[in-house]
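Reading the structure
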Number of protein chains: 2
Amino acid sequence: MRELRVTIQEAERASYPIFLGSRLDEIFAQWLRENGPWGRVALISDDRVATVHGRRWQTILAAAGLGVVTLTFPAGESSKTRGTKAQLEDDLLAAGLGRDSLIVALGGGVTLDLAGFVAATYMRGLPLVSLPTTTLAMVDSAIGGKTGVDTDQGKNLIGAFHPPQAVFADISHLETLPEPVYLAGFAEAVKHGLIASVSHFEKLEHAAAALLARDRQVLESVLAESVAIKVGFVEKDQRESNARKALNFGHTFGHALERLSGWQLSHGDAVARGLLAECRLSRHLKLCSLADEKRLERLLVRFKFVQEPFDRLGPELTPEPRGRLAFNDYLRATGSDKKARDGKVEYVLLATIGEVARGGENSDSWTRPVADDTIREALWQTW
Amino acid sequence: MRELRVTIQEAERASYPIFLGSRLDEIFAQWLRENGPWGRVALISDDRVATVHGRRWQTILAAAGLGVVTLTFPAGESSKTRGTKAQLEDDLLAAGLGRDSLIVALGGGVTLDLAGFVAATYMRGLPLVSLPTTTLAMVDSAIGGKTGVDTDQGKNLIGAFHPPQAVFADISHLETLPEPVYLAGFAEAVKHGLIASVSHFEKLEHAAAALLARDRQVLESVLAESVAIKVGFVEKDQRESNARKALNFGHTFGHALERLSGWQLSHGDAVARGLLAECRLSRHLKLCSLADEKRLERLLVRFKFVQEPFDRLGPELTPEPRGRLAFNDYLRATGSDKKARDGKVEYVLLATIGEVARGGENSDSWTRPVADDTIREALWQTW
């Protein structure tokens, strides 16, 4: 028997910039010039975003001397599938894009996740540039290199880590968003405050009115702070072996609710409900206080989210005995969650606003397994 | 405008072992014990390999205390598709495999590429162990971390780099292979000699009879040398930006022929023809000698490959005017090759047995663009 060994010297691409501001056209053009040469470019977006913002970025790409192929798909989470990915790949192949091509993803979280995953596996990986067009995509999807698609079994179950070469978060994109879409991203910003920074949480409390008015300067300052918090977690732990899991606060419950709703509930609304539910669970476990929970409720209401995890839902999503949502169906909906280990669901729990409750059995852990009965008591029996 | 930056500290997994020998059962069991704990394990193979070798490895996995899910798919290159990948993913999800699971790929190149790609993107990446069962998979597919599937447009067009945690190349698997399958891998071994080591080429010349007789000791020694050559290229350049391209010698022509045959030609036979064709192209460009070309012909004949790139093919694959294969169809078949840059096909060319002709315009390059007319003269007009 012989043992040989493969040792890879090459390090992963170490670093990428996130540009955040109001008119990034020239910054983008300059970046393209300085980081080329590129072969051809595929600009990928959904049909709605393509109509509103497509021409602007096509023009910049063409002015940089690049051959641009524009690909679109129907807007909505239901497009985030292996089927749409295969269609985009076939379109790229038919257009003859080779390994020296660049993928530019223009859109919200669905587009960044989907086009990013296309970039991750087309000819074993093409460089990617992300142009987020929603608040949610700017503070969340665009940062951290996670890409993927959904299956019938759950969200983001198939995917890859594929960091972009650069992110251009142009705040001018936010002006045309319908209010619920615009506000959805603030659920993630509130989460960033909850898990890492009481001062970010306070900033959101103080700036809520200006943010609702889409004040550019305030937006730039708040989004930059929120992005910086996410960057901090990603830098600590790109592949989510520990610290990055904190970013899943509110998402175990939130994803389950999204799934149980047949993806009818928006991600922002589902996460806001998840933050409340998991804050309540943390309080039930005597980790955070009732005052923290009330303060979170008030802030979420400022951003036009609900005050109760189960408020304003149909009977299907309202817990028994008042509604029809059986506790076991909730458990099943969390069971295929990627955070599950040995079939036991781990939750991120809150110690106080700005701090995750670490520890449990493993004192270094950012998550804790929670017994089914505890979840039932905290969320089903108090409703 | 603000510029933030994401810097990832984490390095890629640096190193993995390749165990090569005759009875690796205990080595495998020991490795599982030392590198766990694992959640559940999915053993993925095609239906033929599962019948012959499945139980042996299932037993070892079960004896290590692991819950094993065995997944199979129909044998053959036609299974190496996005559709089969999606089916395997759905099976893994239905079986409830989480992020702490391990994928064990048991089989030839198709299985390692396909199951490896499943591992690369299931929940954004599961650890992978490869158990190659063919000569070709041992000296080629199992090493280097390339995974992927084919599309109608060509081979391996969608995929990922996903190095295994370990490779167990058990020579006892080779005993039951039909001779053409057993010999196919020697086309790649010959290539390794051609591009990097005249002494490996000589070893193949001297050991041909013992290898045809499947002598275990000779096999272990020759395969280890061939694997070491591939490892050398992969270590220099995992992502095929330069040196690793040398491993594509014979493959531009070989892949085109495979594709033009509708995947009826075996990979080994296609590569052997490709080695001859690209050696002839190199001679036509006055890089290697006629003596080198004749010597290559003789060695390939020892391993029961053909003596001419176009020998024993139907009229569809025989060049005009004698057959029906138009030069333009050949060019089109190479056009979507991943090695194409700016639509111009680059070839690896041979200086002599054991050495690639470097240079051209870029003196550091392992490939050179070749004008269409030159390819026509070297391969079409001399036939």
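The structure presented is a predicted model; accordingly, all values stated were derived computationally and were not measured. (Residues numbered from 1 in each chain as written. Chains lettered and ligands numbered in written order. Predicted model: local features only at pLDDT ≥ 70, side-chain atom pairs only at ≥ 80, totals over all residues. Heavy atoms only, no water.)

1. Some thoughts on the overall build of chain A
- The number of helices and strands found in chain A is 13 helices and 13 strands.
- The C-alpha radius of gyration of chain A comes to 21 Å, within 12% of the 21 Å expected for a compact globule of 383 residues.
- Oriented by its inertia axes, the alpha-carbon framework of chain A measures out at about 70 × 60 × 35 Å.
- Per-residue burial for chain A yields a buried fraction of 63% across its 383 residues.
- Restricting the contact set of chain A to residue pairs at least 6 apart, pairs at least 24 apart contribute 76%. (Helix = DSSP H or I, 4+ residues; strand = E, 2+ residues; numbered from the N terminus. Rg over C-alpha atoms; globule rule 2.2 N^0.38 Å. Buried < 20%, exposed > 50% of the residue type's maximum accessible area, 1.4 Å probe, protein only. Contact = heavy atoms within 4.5 Å.)

2. Here's the deal with the interface of chain A and chain B
- Contacts between the two partners involve 62 residues from chain A and, on the opposite side, 62 residues from chain B.
- Contact between chain A and chain B buries roughly 6,100 Å² in total, counting both sides, with carbon and sulfur atoms accounting for 53%.
- The tally of links between chain A and chain B comes to six salt bridges.
- Of all the secondary structure elements, the ones that give two or more residues to the side of chain A that touches chain B are β1 (2-7), β2 (15-21), α3 (82-94), α4 (109-121), β7 (146-151), β8 (154-161) and α8 (216-236) of chain A.
- Counting residues per element, the side of chain A that touches chain B draws most heavily on α8 of chain A, which supplies eight residues.
- Each residue belonging to the side of chain A that touches chain B can be placed in one class, and the counts come to 29 nonpolar, 13 polar and 20 charged.
- Two elements, β1 of chain A and strand β2 (residues 15-21) of chain B, share six bridges in a ladder whose sense is antiparallel. (Buried area = accessible area lost by both parts, 1.4 Å probe. Salt bridge = Lys/Arg side-chain N within 4 Å of Asp/Glu carboxyl O. Nonpolar A, V, L, I, M, F, W, Y, C, P; charged D, E, K, R; others polar. Pairing = 2+ DSSP bridges.)

3. Looking at the pattern of salt bridges
All names here are of chain A.
- The tally for this structure, following the rule as stated, stands at 60 salt bridges over all chains.
- A salt bridge links Arg5 to Glu3; the shortest N-O distance between them is 3.5 Å.
- In this structure Glu3 comes out as partly exposed when scored by relative accessible area, which is 47%.
- In this structure, the salt-bridge partner of Arg358 is Asp364, at a minimum N-O distance of 3.3 Å.
- Each of the salt bridges in this network shares a partner with another, and the network as a whole consists of Glu77, Lys80, Asp113, Asp150, Lys155 and Glu258.

4. Some points on the relation of the copies chain A and chain B
- The transformation that overlays chain A on chain B combines an axial shift of 0.0 Å with a rotation of 180°, and the residual RMSD is 0.0 Å. Such a combination of turn and shift is consistent with a two-fold rotation axis.
- Most of the interface of chain A is mirrored in chain B, where 100% of its interface residues again form contacts. (Least-squares fit on C-alpha atoms with pLDDT ≥ 70 in both.)

5. A look at the sheet that holds strand β4 (residues 68-73) of chain A
- Reading across the sheet, the seven strands line up as β4(A)-β3(A)-β5(A)-β6(A)-β9(A)-β2(A)-β1(B) and stay open at both edges, with mixed pairing between neighbours. At either end of the open sheet lies a strand with only one pairing partner, and these are β4 of chain A together with β1 (2-7) of chain B. The sheet shows a mean angle of 20° between the axes of neighbouring strands, taken without regard to direction.
- Two strands pair when backbone bridges link them, and β2 of chain A and strand β9 (residues 166-170) of chain A are joined in this way by four bridges, in the parallel orientation. Directly across from Gly21 of chain A, in β9 of chain A, lies its bridge partner Asp170 of chain A.
- Contacting β3 (41-46), β4 and β5 (102-107) of chain A, α3 of chain A crosses the sheet at an angle of about 160° to β4 of chain A. (Axes fitted to C-alpha atoms, helices over the stretch in contact; angles between N-to-C directions.)

6. Describing the domain arrangement of chain A
All names here are of chain A.
- Assigned domains within chain A: domain 1 (2-176) and domain 2 (179-380).
- Centre-to-centre, using C-alpha coordinates, domain 1 lies 27 Å away from domain 2.
- Facing the 27 residues of domain 1 at the interface are 29 residues of domain 2.
- Of the roughly 2,700 Å² buried between domain 1 and domain 2 on both sides combined, carbon and sulfur atoms contribute 61%.
- In terms of surface lost to domain 2, no three residues of domain 1 exceed Val139, Lys155 and Phe161, which account for 22% of the buried area on that side.
- At the junction of domain 1 with domain 2, the criterion picks out three salt bridges. (Domains from an automatic or database assignment.)

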